[in-house]
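# Working through the structure, step by step
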Amino acid sequence: NAGVTQTPKFQVLKTGQSMTLQCAQDMNHNSMYWYRQDPGMGLRLIYYSASEGTTDKGEVPNGYNVSRLNKREFSLRLESAAPSQTSVYFCASSAPGLRFEQPQHFGDGTRLSIL
Amino acid sequence: KQEVTQIPAALSVPEGENLVLNCSFTDSAIYNLQWFRQDPGKGLTSLLLIQSSQREQTSGRLNASLDKSSGRSTLYIAASQPGDSATYLCAVHQAGTALIFGKGTTLSVSS
């Protein structure tokens, strides 16, 4: 009963490097989300995908790109990492319905440090 | 712009005590409100979701209430246990926006 799985769990990058954070869910959920959590700022939405083939910007999309590869997988890419992107990144998914009315299920997060 | 505030930021209680966590929001036009639990180094676990038409939801020792008109929600934890120690987050959903989170209340229950 895996739920939402994120890889990697930890990563250290140098400024300017690129990487992709992976997320997969096995609950047959239509909607998927990427958040970042920073001390004193709470969780903020980066991008979301209401269904396979669609993506939309959230509150803080600058510096990120996403791909909804299929119904199960939603990846987040940092093209040129900056120290301001040091954060804990969470992926979440929710069941069919009006996209924000269902409980969201979260992965355990990716802790990303950019030097 | 919707703002979600949680008071207190931290709370320490002895085991067995009943306690209340508070969440307030500035715009009452919400679809629903969710309470989450976050353990250190872990993701968020959804505890309770209250639709805007509901007044409260219960799950085991947890009871969440919603007063949309006053912009307030409370999470009541009965007979607290050390295993309840975690950070509790509330989040509101409005039309056309993502979940908007408060910054959480960190609860410590001592045995």
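As shown above, the structure is provided for reference.
Residues numbered from 1 in each chain as written. Chains lettered and ligands numbered in written order. Predicted model: local features only at pLDDT ≥ 70, side-chain atom pairs only at ≥ 80, totals over all residues. Heavy atoms only, no water.

### Overview of the pattern of salt bridges
Scanning the entire structure with this criterion turns up six salt bridges over all chains. In this structure, the salt-bridge partner of R77(A) is E79(A), at a minimum N-O distance of 3.2 Å. As a salt-bridge pair, R37(B) and D39(B) come within 2.9 Å of each other at their nearest N and O atoms. The class for R37(B) is buried, based on a relative accessible area of 17%. Assessed through its relative accessible area of 27%, D39(B) is described here as partly exposed. (Salt bridge = Lys/Arg side-chain N within 4 Å of Asp/Glu carboxyl O. Buried < 20%, exposed > 50% of the residue type's maximum accessible area, 1.4 Å probe, protein only.)

### Regarding the sheet that holds strand 7 (residues 62-67) of chain B
Residue and element names in this part refer to chain B. Read from one edge of the open sheet, five strands run 1-3-8-7-6, paired in antiparallel fashion. In this open sheet, the two strands that pair with only one neighbour each are strand 1 (4-7) and strand 6 (56-59). Here the strands of the sheet are splayed against their neighbours by 15° on average, with no regard to which way each runs. Both strand 3 (residues 19-25) and strand 8 (residues 72-77) contribute to a ladder of six bridges, which runs antiparallel. Bridge pairing links N22 to T74 in strand 8. (Pairing = 2+ DSSP bridges. Helix = DSSP H or I, 4+ residues; strand = E, 2+ residues; numbered from the N terminus. Axes fitted to C-alpha atoms, helices over the stretch in contact; angles between N-to-C directions.)

### Examining the interface of chain B and chain A
Facing the 21 residues of chain B at the interface are 18 residues of chain A. For the pair chain B and chain A, the two sides together bury roughly 1500 Å², of which 57% comes from carbon and sulfur. Connecting chain B to chain A are one salt bridge. Notably, a salt bridge pairs D108(A) with K42(B), separated by 3.9 Å at the nearest N-O pair. Inspection of the region where chain B meets chain A yields three residue pairs in polar contact (both at pLDDT 80 or more). Every element with two or more residues in the side of chain B that touches chain A is listed here: strand 4 (32-38), strand 5 (44-51), strand 9 (86-93) and strand 10 (99-101) of chain B. (Contact = heavy atoms within 4.5 Å. Buried area = accessible area lost by both parts, 1.4 Å probe. Polar contact = N/O pair within 3.5 Å; in protein donor to acceptor, adjacent residues only side chain to side chain.)

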